[in-house]
Amino acid sequence: MKRPGSIFCGSSDHGLSRRAFLGTGAAATAGTFAADMTQLDAFKNEVVAGELKKQGKKVILLWLAGGASQFETWDPKPGRPTGGPFRAIQTASTGVQISELLPKMSQHMDKTAIIRSLNTRVGDHGGGAALMETGRKKDPGILYPDLGAVVARELGRADSQVPDYVSMYTSTEGRRKGTSGFLGSRYAPMFLAEKPIPENMRRLDTISDVDHQDRAELRSLLSKQFVQGRKSDTLGSHTSAYQRVRGLMASEQLFNIENEPDAVRARYGPRQFAQQCLVARRLVEAGVPFVKVARAWWDSHGQNFETHRELCADLDHAMSTLIDDLDERGLLKDTLIITLAEFGRTPTINASLGRDHFANAWSCSLTGTGIRGGVAYGKTDPDGHNVAEGEVGAGQLFATILEALGVDPEKEIFVGSRPIPLADFGCHAVKDVLI
Amino acid sequence: MTADPTQLKITTQINISGTALCVTRVPESGKLYFGGSDFKLYRVDSLSEKPTPTALAEKGHDSYVTGVALAGASLVSGGYDQRLIWWNQESGEQVKAVDAHDLWIRKVVASPDGSVVASVADDMHCKLWDAATGQLIHQLDDHKAETPHNYPSMLYAVTFSRDGKWLATGDKVGHIAVWDTESGRKIAELEAPKLYTWDPRQRRHSIGGLRSLAFSHDGRLLAAGGIGTIGNIDHLGGPSRVEIFDWQKGERVHEIEDDKYKGLVEQMQFSHDGKWFIAAGGDNGGFFSIYNTETGKLISQVKAPMHIHEFSVSEDSSSAFAVGHGKIALFELKSVRPDVPPAPETKA
């Protein structure tokens, strides 16, 4: 069934996809368009306009693994029994207050929208993470791709010499690699867990460049023979991933922050999370459409305030520095920074001054491209037990993110004959946080 | 009344709302002042027939009250709002408020003669105040603002020696400084790094810290309390830990860890005769433990009805008044035969 706004006729063979439109050499093609726009009726086409709109859009997801407390970040409740000891401070956006643990971010709220009314209901780490990574509940019949894979597919370029999806998660607790689901390995993340620079990326010294190319050609030949008579998107994705190997090998230096001037490195400072944010900036600057930086572990069942004193200092410095750096380089207008987790934390403060898992009324933030800065959308009740206004689910959040990037959330991908919209069925963007 | 640490028992529990984080006691009585998570300071006669806490004022601090001390006629409290407030004990009115620190105040104590009030805060300063006038006497600086892992440190603990001559301060990474209170000069440094757990791999943050300090009766020993190494730092699931120093020699005399009752040692106090000391605190629950000073062995121990944040011990060491999560609890350590002074026995 064709859905309103869909670009598909209903057949997976006839969709006007961005790749079909751009073909290879996307940058050059786009340049040609810009040079002679009057020749192109295609520009009157909404689809084409949309394709150009999302050119160069990127995402940096700051994943606050374990579940950061909304009370100690974006939705403080000072003076309430549930509020904890920290004050709320005024921000650069009149009327919007955040926790005093984020003083630097308070000065960047004119570029940032907060959603304070997430109600995602799933309060266990695995289930919550799966929901917030994919924007929808699990379906036993289908493996959904996560946000990074969807963005990689929608915003990545076929001819790109850099990865489409990089995921950094160095702490071991709650570590999740992410999944490209039914999109196949072409959109799987380059996953960095042990070291900041990808391992096994260089050609072995024992193999000459000629040998390396010969091996690739042999693999390609065998692969072509294998796929003959077989029709599978997964196989195509697999082959496509291999075709990009040599380009990816050349991107190793993007991960090395020692290539940055001392002043820039000093600005980000010595802590790992900030340094990973610097890598993320280098990656998006080079054209990587989706970078996830996971900062674990916010699971503060005991000593919530001490934990957030420490981790919020990390988030505050890294995020504000990243925003400034992107802004000064002219990249923020095309880059969306998201802070998100699997859930928030309970209003009730337990006996060891901790907060437990809580998914019924929590917060996230969106900064940069497509976002109306200075907005605090939605409201929780005075003690933060429930959403009072503007409830937002995981699917709506995904629709909002995609729309901020200029991607139609209702666009369908066909898995066999089954149309799957990019954001979950019936989920619409929160327009109030979008430009 | 003679104190006997082997006769430890809980006698009274008083329910309160929220979490009480600090307490001080009017000498020779059961009258307590305590404060905590509802930003208020309360008084209660814990030995009355129906103890009922009453707030001193509707409005006092703007955040958690984390320290309270009786210094002569002055009642002084401190909190996360970075202020010290002087209160009139009789009327319950504020006498004076001072913007004392640039970050959250963690503890407030008074010198034994009541002339000086000391406060420690996350700005990593210890400040000594004239209890009568509220004037700053000394600012004691030795504790680093950042941990070795480049995160904000915290200055949790402060205590006076019994003669008021010395003061000790302790921070998150287990660094201890001992000060001459008269001159404000640092006279010793000690390290208790096992009280700080940094998890570099699984969770990449820290937990613990040096939470309590106590001088022995003769001033020779200094006890430092907190929690030992923790595997899963999501919880206070590590052994409660005490280290005893002969601080002038720079020697660690005892390392005591208890796996039966886990959590932070939030406060310690030596008995009036110095033969034993109390260590109390908790995780989700609480503990009240008594150790032999000389051997470091456990004398007696009870599971507390709440995580204990602070306690006050009577002059003869026969009673302790503890506050914590949702409760005030009274502990008795009274000899069953007051005419026969007990000799502390130790458990292996």
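Our subject is the structure listed above.
Description of the structure in this document. Predicted model only: the values in this text are computed from it and were never measured. (Residues numbered from 1 in each chain as written. Chains lettered and ligands numbered in written order. Predicted model: local features only at pLDDT ≥ 70, side-chain atom pairs only at ≥ 80, totals over all residues. Heavy atoms only, no water.)

1. Observations regarding the overall build of chain B
Spelled out, the test is: Going along the chain from the N terminus, every DSSP run of H or I of four or more residues is numbered as a helix, and every run of E of two or more is numbered as a strand. With a 1.4 Å probe rolled over the protein chains alone, any residue whose accessible area is under 20% of its type maximum counts as buried; one over 50% counts as exposed, and the rest are partly exposed. By definition, residues are in contact when any of their heavy atoms lie within 4.5 Å. Each accessible area value is a Shrake-Rupley result obtained with a 1.4 Å probe; residue values ignore everything except the protein chains displayed when judging cover.
Assigned secondary structure in chain B consists of zero helices and 28 strands. The buried share of chain B, reckoned over its 348 residues, is 62%. For chain B, the proportion of contacts with a sequence separation of at least 24, taken over those separated by at least 6, is 49%. In the structure as shown, chain B presents an accessible area of about 13300 Å², 45% of it carried by carbon and sulfur atoms.

2. Quick look at the overall build of chain A
A tally of regular secondary structure across chain A gives 13 helices and 16 strands. Within chain A, residue pairs in contact and separated by at least 24 positions form 74% of the contacts whose partners lie at least 6 positions apart.

3. Observations concerning the packing of aromatic side chains
To keep things clear, this is the line we draw: In this scheme Phe, Tyr and Trp rings, the latter by its six-membered ring, pair at centre separations within 6.5 Å, and the angle between planes marks the pair as stacked below 30 degrees, edge-to-face above 60, and tilted otherwise. We call a charge positioned over a ring when the NZ of a Lys or the CZ of an Arg lies within 6 Å of the ring centre and within 35 degrees of the ring normal.
Evaluated as defined, the whole model comprises 17 aromatic pairs over all chains. Each residue in the set Phe86 and Phe305 of chain A together with Phe39, Tyr64, Tyr80 and Trp104 of chain B is aromatic and connected to the rest through ring pairs, giving one cluster. Positioned above the aromatic ring of tyrosine 144 of chain A is the side chain of arginine 136 of chain A, whose terminal nitrogen or guanidinium carbon lies 4.5 Å from the ring centre. Of note, arginine 211 of chain B hangs over the ring of tyrosine 156 of chain B, and the distance from its end group to the ring centre comes to 4.0 Å.

4. Quick look at the sheet that holds strand β12 (residues 136-141) of chain B
All names here are of chain B. The test is simple: A strand pair is defined by DSSP finding two or more bridges across the two strands. To get an axis, a line is fitted to the C-alpha atoms, and for a helix only the part in contact is used. The angle between two axes follows their N-to-C directions and goes from 0 to 180 degrees.
Strands sit in the order β9-β10-β11-β12 across an open sheet of four strands; the sheet is antiparallel. Across the chains shown, the open sheet's two edge strands, defined by having one partner strand only, are β9 (105-110) and β12. The average undirected angle you get between the axes of adjacent strands in this sheet is 20°. In the sheet, strand β11 (residues 125-130) pairs with β12 via five bridges, with the strands oriented antiparallel. Bridging from a neighbouring strand, histidine 125 pairs with aspartate 141 of β12.

5. Quick word on empty space enclosed by the protein
Operational definition: Lining residues are defined by having an atom within 4 Å of a point belonging to a cavity or pocket. Those points lie on a 1 Å grid over the protein atoms alone, cavities being sets where a 1.4 Å probe fits but cannot get out and pockets being open sets with protein on both sides within 12 Å along at least five of seven lines. Grid points are joined across faces, edges and corners, and a volume is the space filled by probe spheres set on the points. Residue polarity follows a fixed list, in which Ala, Val, Leu, Ile, Met, Phe, Trp, Tyr, Cys and Pro are nonpolar, Asp, Glu, Lys and Arg are charged, and the others, Gly among them, are polar.
The full count for this structure, using the stated rule, is eight cavities of 30 Å³ or more. As a volume, the largest cavity reaches approximately 320 Å³. Along the walls of the largest cavity sit 16 residues, with Leu21, Arg106, Arg211, Glu266 and His309 of chain B positioned nearest its centre. Among the secondary structure elements, those contributing two or more residues to the lining of the largest cavity are α12 (304-328) of chain A together with β9 and β27 (308-313) of chain B. A breakdown of the residues in the lining of the largest cavity according to their chemical character gives seven nonpolar, three polar and six charged. The space that makes up the second largest cavity amounts to roughly 90 Å³.

6. Brief notes about the side chain of serine 363 of chain A
Among the structural elements, serine 363 of chain A can be located in strand β11 (residues 362-368). Once you skip the residues sitting within four places of it in the chain, serine 363 of chain A turns out to touch Gln70, Trp74, Asp75, Ile114, Ile115, Arg116 and Leu118 of chain A.

7. Things to note about unusual backbone geometry
The peptide bond linking alanine 296 of chain A to tryptophan 297 of chain A adopts the cis configuration, its omega dihedral lying at 20°. By the element assignment, tryptophan 297 of chain A lies in the loop between β7 (290-294) and α12. The phi torsion at glutamine 82 of chain B lies on the positive side, around 75°, for a residue other than glycine. Structurally, the position occupied by glutamine 82 of chain B is in the loop between β6 (74-79) and β7 (83-87).

8. A look at the sheet that holds strand β6 (residues 190-192) of chain A
With mixed pairing, eight strands are arranged side by side in an open sheet as β6-β5-β7-β1-β8-β11-β4-β12 (chain A). With one partner strand each, in any of the chains shown, β6 and β12 (376-377) of chain A form the two edges of the open sheet.

9. Some details on the interface of chain A and chain B
The condition that has to hold: Throughout, buried area stands for the accessible area (probe radius 1.4 Å) lost by two parts on being put together, summed over both. The salt bridge criterion pairs a side-chain nitrogen of Lys or Arg with a carboxyl oxygen of Asp or Glu, the two atoms within 4 Å. Here a polar contact is taken to be a pair of N or O atoms separated by no more than 3.5 Å, where protein atoms must pair a possible hydrogen donor with a possible acceptor and residues adjacent in sequence count only if both atoms sit in side chains.
The interface is formed by 36 residues belonging to chain A together with 37 residues belonging to chain B. Counting each side, the surface lost to burial between chain A and chain B is near 3100 Å², with a carbon and sulfur contribution of 50%. On inspection of chain A and its partner chain B, the count reaches five salt bridges. One salt bridge connects arginine 201 of chain B with glutamate 194 of chain A, and the closest N-O pair in it is separated by 3.4 Å. At the boundary of chain A with chain B, the tally comes to 24 residue pairs in polar contact (both at pLDDT 80 or more). A per-element tally of the side of chain A that touches chain B places α12 of chain A first, with eight residues. Its residues assigned to classes, the side of chain A that touches chain B shows twelve nonpolar, 13 polar and eleven charged.

10. Topic: the packing of helix α11 (residues 272-285) of chain A against α12 of chain A
All names here are of chain A. Counted only if it meets this: Orientation is classified from the angle alone, with under 35 degrees giving roughly parallel, over 145 giving roughly antiparallel, 65 to 115 giving roughly perpendicular, and any other angle giving oblique. Throughout, a crossing is termed right-handed when the near helix is turned clockwise from the far one, and left-handed when it is turned anticlockwise from it by less than a right angle.
Remark: α11 packs on α12, axes separated minimally by 9 Å, with the N-to-C direction vectors making an angle of 25°. It follows that α11 is roughly parallel to α12 by the angle criterion. In the packing of α11 onto α12, the handedness of the crossing is right-handed. Residue-level contacts link Phe273, Ala274, Cys277, Leu278, Arg281 and Val284 of α11 to Asp314, Leu315, His317, Ala318, Leu322, Asp325 and Leu326 of α12. Partitioning the contact of α11 with α12 into residue classes produces nine nonpolar, one polar and three charged.

11. Quick word on helix α6 (residues 147-155) of chain A
Residues and elements named next belong to chain A. With respect to burial, α6 is a largely interior element, eight of its nine residues being buried. By the burial criterion, the buried members of α6 are Leu147, Gly148, Ala149, Val150, Val151, Ala152, Glu154 and Leu155. The N-terminus of α6 is capped by aspartate 146, whose side-chain oxygen sits 3.2 Å from the backbone nitrogen of glycine 148.

12. Thoughts on the layout of surface pockets
Residues and elements named next belong to chain B. Of the voids in this model, the largest pocket is the one considered here, and its volume is about 1200 Å³. Every residue lining the largest pocket is counted, 43 residues in all, and those nearest its centre are Ala110, Pro112, Gln269, Ser312 and Val313. Those elements that provide at least two residues to the lining of the largest pocket are β1 (9-25), β5 (65-71), β9, β13 (155-160), β19 (212-215), β23 (264-270) and β27.

13. Regarding the pairing of β23 of chain B
Residues and elements named next belong to chain B. Counting buried residues in β23 gives six out of seven residues, a clear majority hidden from the surface. Summarising the sheet, β23 and strand β24 (residues 276-282) pair through six bridges and their orientation is antiparallel. Among the inter-strand pairings, valine 265 is bridged to a residue of β24, identified as glycine 281.

14. Remarks on helix α13 (residues 394-404) of chain A
Residue and element names in this part refer to chain A. The element α13 is largely enclosed, with a buried count of nine among its eleven residues. Considered for burial, the residues of α13 that qualify are Ala394, Gly395, Leu397, Phe398, Ala399, Thr400, Ile401, Leu402 and Ala404. Along its buried surface, α13 packs onto β4 (112-118), α5 (125-134), α6, β8 (335-340) and β11. Remark: glycine 406 follows α13 within two positions and exhibits a positive phi of approximately 80°.

15. Things to note about the pairing of strand β17 (residues 196-199) of chain B
The alternating pattern of β17 of chain B places Tyr196 and Trp198 of chain B on one face and Thr197 and Asp199 of chain B on the opposite face, and all of these are buried. Hairpin connection of β17 of chain B to strand β18 (residues 205-208) of chain B: five residues between the antiparallel strands, including arginine 204 of chain B at a positive phi of 55°.

Everything listed is a geometric property; what it means functionally is a separate question.
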